[in-house]
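Reading the structure
Each chain is listed here by its residues.
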Amino acid sequence: MTATANTTHATTSTVGAPIRTGVAATVAASIATMAVAAAGDLAGISLDLGGAPIPVTGFGVLTAVFSLIGVIIAALLARFARCPRRTFVRTTVVLTVLSLVPDVIADAGTATKALLMLTHLVAAAIVIPTVARRLAA
């Protein structure tokens with residue numbers, strides 16, 4: 001008698017949980033970064049970058065794009081990494097720090113640069129721990 005293990009279900013649930021949670025966190029982070037940008041704009045902080053205004057919705061769109069890249073990274077790590085949670089957190093923290101570099105060197109005022117960096121940190125504070133909790137330790 002031979003026995004076979006059904007690993008498809010385990011893999012799907014291992015990968016599916018961070019994806020579902022990550023998509024929800026992406027939506028929350030996009031809304032949060034748009035709120036931060038709108039609040040900054042209302043407070044008189046310019047949203048101009050290199051002389052062109054950044055629309056508030058642009059914050060949400062870019063947050064969604066890069067957060068979904070993070071979700072894809074989480075799904076791949078859930079499937080292939082030995083310690084997916086630790087690897088995901090380390091990777092995304094490094095990527096978050098690197099995402100601040102363009103803001104520092106941007107052609108914008110100091111307050112605008114600070115607002116841009118704040119939106120990156122807000123998005124990371126929402127997405128990283130939310131997705132990390134759904135990955136195996």
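What counts, and at which threshold
Residues numbered from 1 in each chain as written. Predicted model: local features only at pLDDT ≥ 70, side-chain atom pairs only at ≥ 80, totals over all residues. Heavy atoms only, no water. Helix = DSSP H or I, 4+ residues; strand = E, 2+ residues; numbered from the N terminus. Buried < 20%, exposed > 50% of the residue type's maximum accessible area, 1.4 Å probe, protein only. Contact = heavy atoms within 4.5 Å. Polar contact = N/O pair within 3.5 Å; in protein donor to acceptor, adjacent residues only side chain to side chain. pLDDT = per-residue confidence, 0-100.

With that out of the way, let us pick up the environment of Gly60. Position of Gly60 among the secondary structure elements: in helix H2 (residues 56-80). Judged by relative accessible area, which is 7%, Gly60 ranks as buried. For the pair Gly60 and Pro102, spaced 42 residues apart in sequence, the C-alpha separation works out to 18 Å. What Gly60 contacts, discounting residues up to four positions off in sequence, is Ser30, Thr33 and Met34.

Before going further, it helps to spend a moment on the side chain of Thr21. Mapped onto the secondary structure, Thr21 falls in helix H1 (residues 8-42). Looking at Thr21, the relative accessible area reads 19%, which means it is buried. In terms of polar contacts, Thr21 uses its side chain to reach the side chain of Arg134, at 3.4 Å. Contacts of Thr21, omitting those with residues within four sequence positions, involve Thr130 and Arg134.

Turning our attention to the confidence of the model for the protein chain. For the protein chain, per-residue confidence averages 91 on the pLDDT scale, and 91% of positions sit at 70 or higher. Residue range residues 7-12 is modelled with pLDDT below 50. Its contacts to residues more than four positions away, or to other chains, number one contact.

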